[in-house]
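Fold and contact review
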Amino acid sequence: MTNLFEYHFHGCAGHKTIELNRQAYEEMSCFLSNRGETGGFLATFSAAPVDNLVECLRFCRELMESEPLCGASLDGVYLEGPFVRQAGGMTANLLARPDMAAARRLVEAGGGIVKAVAIAPELPGAMELIEYFASEGIRVAAGHFCCSSEVLKEAIDRGLSSVTHFCNNGEGDIECVYGRYSTDGPWLEVLADDRLSIEVICDGVHVDPRLVKALWRVKGPDLFIPITDGCAATGMTGPRLSFPDPAGTMQEFEIKNGALFIADTDRLTGSISTMNVIRDNLVNFCGISREEADLACSRTPRRMVDLSK
């Protein structure tokens with residue numbers, strides 16, 4: 001069994017990372033190990049009130065300091081908010097403007113377990129937070145954003161080094177006018193800048209498999225992070241499911257076409273793949289070897305957040 005790594009993970013087996021009890025994490029841990037060939041994971045938290053995120057961080061910190069989980073290990077936290085611009089699958093009223101006092105609270109509560117954070121660089125005050133998080137040894141990603149190329153370049157100079165689920169943020173449309181392709185957003189800049197790594201949801205639904213192959217060829221194995229962005233519906237049969245958002249409001253979803261959608265809509269909102277499926281997809285989509293795909297799904301993401309195991 002390989003030791004794959006969940007770099008960007010919100011839940012599985014009917015549980016969300018926001019369920020702050022050990023039993024939920026035990027069940028997720030065993031599922032990841034038994035069904036996903038996964039040895040470790042970052043608990044990823046979407047936008048939520050800062051008080052709630054502080055509670056999540058303290059819980060994860062205590063959990064990591066206690067007895068090991070039954071399967072995959074909890075190796076840190078990924079904060080995918082609240083300092084982002086576009087809600088996507090998040091709850092819109094929980095997004096927040098960058099705030100240094102709030103950022104310091106999150107870092108202090110984490111006590112070293114915050115490994116990555118997503119920020120929309122175009123928001124007022126974002127550059128200062130990018131510098132702060134980077135100075136704390138936290139990997140800073142552009143996420144749920146749509147800034148200009150110029151803003152992205154400045155953010156990289158300030159310490160930004162990655163992009164959250166690239167091609168699923170709203171990075172801007174590519175247009176063709178009289179045979180000339182262009183974009184007003186940062187899409188091409190992300191591809192061209194070798195200082196940026198990219199996360200890619202390789203479930204074959206969120207990103208076209210042909211584009212996955214192209215992104216792999218552009219970024220190469222050192223800057224390409226395969227992710228599931230897995231949600232609580234992973235491992236469940238459905239087809240219709242209900243889960244609470246971070247504010248506690250129940251929402252209806254349905255599983256169709258190999259992913260999770262908002263009920264009765266065509267709005268894609270979550271992945272239901274495990275890392276072993278992602279690994280196999282890389283082999284099939286990109287034409288690489290099983291060994292290369294194993295490394296991409298294990299060593300590469302761990303190296304990004306300074307985890308040696």
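Just so it is clear, the structure is predicted and the values come from calculations on it, not from any experiment. (Residues numbered from 1 in each chain as written. Predicted model: local features only at pLDDT ≥ 70, side-chain atom pairs only at ≥ 80, totals over all residues. Heavy atoms only, no water.)

This next bit is on the state of the cysteines. With the rule as written, the count across this model stands at 1 disulfide. As a non-bridged cysteine, Cys12 has Cys231 as the owner of its nearest cysteine sulfur, 9.6 Å distant. Overall, the relative accessible area of 1% leaves Cys12 in the buried class. (Disulfide = S-S within 2.5 Å. Buried < 20%, exposed > 50% of the residue type's maximum accessible area, 1.4 Å probe, protein only.)

Counted under the stated rule, the structure contains 8 aromatic pairs. Between Phe9 and Phe41, the aromatic rings sit 5.4 Å apart at their centres with planes inclined by 70 degrees, giving edge-to-face as the arrangement. Of this pair, Phe9 sits in strand 1 (residues 4–9) while Phe41 sits in strand 4 (residues 38–46), and the two are 32 residues apart along the sequence. Each member of the pair, Phe9 as well as Phe41, carries the same accessibility label: buried. Between Trp216 and Phe224, the ring centres sit 5.2 Å apart and the planes meet at 70 degrees, which makes this aromatic pair edge-to-face. An aromatic cluster of at least three residues, connected via ring pairs, comprises Phe9, Tyr25, Phe41 and Phe59. The residue whose ring lies beneath Lys256 is Phe261, and the NZ or CZ to ring-centre distance is 5.0 Å. (Phe/Tyr/Trp six-rings, centres within 6.5 Å; stacked < 30°, edge-to-face > 60°. Helix = DSSP H or I, 4+ residues; strand = E, 2+ residues; numbered from the N terminus. Lys NZ or Arg CZ within 6 Å of the ring centre and 35° of its normal.)

Across all of its chains, the model carries 17 salt bridges by this definition. The closest approach of N and O atoms between Arg22 and Glu26, which form a salt bridge, is 3.0 Å. A residue pair is termed a helical-turn pair when its members lie 3 or 4 positions apart in one helix, as Arg22 and Glu26 do in helix 1 (residues 22–36) at 4 residues. Owing to a relative accessible area of 28%, Arg22 belongs among the partly exposed residues under this scheme. Asp222 is paired through a salt bridge with Arg303; the nearest N and O atoms lie 3.9 Å apart. Of this pair, Asp222 sits in the loop between helix 7 (209–219) and strand 12 (224–227) while Arg303 sits in helix 10 (residues 299–304), and the two are 81 residues apart along the sequence. Owing to a relative accessible area of 48%, Asp222 belongs among the partly exposed residues under this scheme. Look at Arg303 and you get partly exposed, because its relative accessible area is 41%. One network of salt bridges, in which partners are shared, links Glu37, Arg279, Asp280, Arg290 and Asp294. (Salt bridge = Lys/Arg side-chain N within 4 Å of Asp/Glu carboxyl O.)

In this section: the side chain of Thr228. Turning to its location among the elements, Thr228 is positioned in the loop between strand 12 and strand 13 (240–244). Excluding its chain neighbours within four sequence positions, the residues that come into contact with Thr228 are Glu6, His8, Ile201, Ser271, Ser273, Thr274, Met275 and Ile278. (Contact = heavy atoms within 4.5 Å.)

Once that is clear, we can look at helix 4 (residues 126–135). Three or more residues of helix 4 are buried, namely Ala126, Met127, Leu129, Ile130, Tyr132 and Phe133. Turning to helix 4, the residues buried within the fold contact helix 3 (100–110), strand 6 (114–119), strand 7 (139–142), helix 5 (149–158) and strand 8 (160–163).

Next up on the list: helix 1. Here helix 1 is 15 residues long and its end C-alpha atoms lie 20 Å apart, about the 21 Å a rise of 1.5 Å per residue gives. Within helix 1, the full set of buried residues consists of Ala24, Tyr25, Glu26, Met28, Ser29, Phe31, Leu32, Ser33 and Gly36. Just past helix 1, the residue Glu37 takes up positive phi, approximately 55 degrees. (Expected span 1.5 Å × (residues − 1).)

Tyr25, Phe133 and Leu282 are the most contacted members of the largest nonpolar core, which totals 74 residues. Broken down by element, the residue count for this core peaks at 8 residues, all from helix 2 (residues 50–65). With sequence-adjacent residues up to four places away left out, Tyr25 is seen in contact with Thr17, Glu19, Phe41, Ala43, Phe45, Phe59, Cys60, Leu63, Leu69 and Leu74. If you look at the next biggest cluster of nonpolar residues, it comprises 13 residues, including Leu42, Tyr78, Ile227 and Val305. (Core = buried A, V, L, I, M, F, W, Y, C linked by side-chain atoms within 4.5 Å.)

On to the pairing of strand 9 (residues 174–177), then. Here strand 9 pairs with strand 10 (residues 180–183) via 4 bridges, running antiparallel. From the neighbouring strand, Cys176 faces strand 10, where its bridge partner is Tyr181. Hairpin connection from strand 9 to strand 10: 2 residues lie between these consecutive antiparallel strands, with Tyr178 at a positive phi of about 55 degrees. (Pairing = 2+ DSSP bridges.)

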